[in-house]
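Spelled out from the first residue to the last, the chains are:
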Amino acid sequence: MEYGEMVLLRTFLKERQREFIVCVSEDVFHSDFGIIELSELVRLSPGDRIYSHKGQEFTVQKPRMPDMFRHAQRSGAPMMPKDIGMVVAYTGLCKNDMVLDAGTGSGILSMYLGSIAKKVITYEIKANFANLARNNISKAGLDNIEVRCGNIVEEIDKIEEKFDVVTLDTISSPEVIPKVRRVLVPRGFVVTYSPFIEQTIAIRKALDVSGPWDIMTIECIERPLSVSERGTRPGTGGVGHTGYITIARI
Ligand SMILES: C[S@@+](CC[C@H](N)C(=O)[O-])C[C@H]1O[C@@H](n2cnc3c(N)ncnc32)[C@H](O)[C@@H]1O
């Protein structure tokens, strides 16, 4: 591992897993499992073990996006991995793509997209949320995501770049859609995410007026199975409804 790199430290206590995200540095990491000199991580590779001064064993790993989803600071409701999967799959997001995103929120969607695409520019109206997202992005070690603070409804008129994919996870989506064609490449995508049917109807109406588009609206339902000695069946808890995803292509 290198100085400045984020590291996931994983340990077990009475068969229960505990995880911590730390940065390779000259700092000292304190937890109820003891102290670790973070500079010691420099000579280690993913999969290696490190021990606290109390002898507690930790496995060293490079955090991936699902780890960031669990450990990132939250400013509000992030997009869920199942829905992010839909965005990636239905747009065919790839390493050459330019992405415009709003609102940034905690930056979860931006980080997932940034871990695949060439560049992500994301707009957040609240300065404190923008800073929180910047902090999360820095911890994820991503340097291709630019967080801009501003109202996307106004800022989109000033944008000079062109985008392969535009993602809108904001209440303002119906006001952004009439302006989005100008910033999209030919056959580019705009994807919206909204928790309510009423918002989705407003988005579809805005798309109809600014068409033509190839459009579909979907809901992704994830149903984890509960596996136990008694039997295997769909779990009774977990995430229910999250949001409706509308995918429109020029
Ligand atoms: C549901 S959150 C986005 C969550 C984000 N997709 C994630 O995965 O972490 C919606 C965000 O949009 C921001 N927002 C609302 N209206 C906006 C606007 N007009 N321009 C930019 N951001 C806006 C809110 O402040 C909020 O942080």
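Refer to the preceding data block for the structure.
The shown structure was predicted, so the numbers you read here are calculated from the model rather than taken from an experiment.

Conventions used here
- Residues numbered from 1 in each chain as written.
- Predicted model: local features only at pLDDT ≥ 70, side-chain atom pairs only at ≥ 80, totals over all residues.
- Heavy atoms only, no water.
- Pairing = 2+ DSSP bridges.
- Helix = DSSP H or I, 4+ residues; strand = E, 2+ residues; numbered from the N terminus.
- Axes fitted to C-alpha atoms, helices over the stretch in contact; angles between N-to-C directions.
- Contact = heavy atoms within 4.5 Å.
- Core = buried A, V, L, I, M, F, W, Y, C linked by side-chain atoms within 4.5 Å.
- Buried < 20%, exposed > 50% of the residue type's maximum accessible area, 1.4 Å probe, protein only.
- Near = heavy atom within 4 Å.
- Polar contact = N/O pair within 3.5 Å; in protein donor to acceptor, adjacent residues only side chain to side chain.
- Areas by Shrake-Rupley, 256 points an atom, 1.4 Å probe, with all protein chains shown as cover.
- Nonpolar A, V, L, I, M, F, W, Y, C, P; charged D, E, K, R; others polar.

Caption draft 1: Summary view of the sheet that holds strand S15 (residues 244–249). Strand order across the open sheet formed by 7 strands is S9-S8-S7-S10-S11-S15-S12, with mixed pairing between neighbours. For this open sheet the edge positions go to strand S9 (145–149) and strand S12 (214–218), each flanked by a neighbour on one side alone. For this sheet the average axis-to-axis angle between neighbouring strands, irrespective of direction, equals 15°. Across 5 bridges, strand S7 (residues 98–102) lies against strand S8 (residues 119–124) in parallel orientation. The partner of Ala102 across the bridge, within S8, is Tyr123. Contacts from helix H2 (residues 81–91) reach strand S10 (163–168), strand S11 (184–194), S12 and S15 within the one sheet, and its direction differs from that of S11 by about 160°. Of the strands in this sheet, S11, S12 and S15 touch helix H7 (residues 197–209), which is tilted by about 10° from S15.

Caption draft 2: View of the nonpolar core. Ranked by internal contacts, the top residues of the largest apolar core, which has 29 residues, are Met65, Val99, Ile108, Met111, Leu113 and Leu142. At the level of secondary structure, the elements contributing two or more residues to this core comprise helix H1 (65–71), H2, helix H3 (108–114), helix H4 (127–139), S9, S11 and S15. The element contributing the most residues to this core is H3, with 5 residues. Among all residues touching Leu142, those that are not within four sequence positions of it are Met65, Met111, Gly114, Ser115 and Ile137. Counting 23 residues, the second largest nonpolar core, distinct from the first, contains Phe163, Ile177, Val183 and Val190.

Caption draft 3: Representation of the site of the ligand in the model. Taken together, the neighbourhood of the ligand is formed by 20 residues, with Met79, Glu124, Asn151, Asp169 and Ser172 sitting nearest. Met79 is positioned with one of its backbone polar atoms (N or O) 3.0 Å from an oxygen atom of the ligand. Within the side chain of Glu124, an N or O atom sits 2.6 Å from an oxygen atom of the ligand. Isolated, the ligand exposes 610 Å² of accessible area, and the fraction of that covered by the protein chains is 87%. Those elements that provide at least two residues to the shell around the ligand are H3 and S8. Looking at the shell around the ligand residue by residue, the classes come out as 9 nonpolar, 9 polar and 2 charged.

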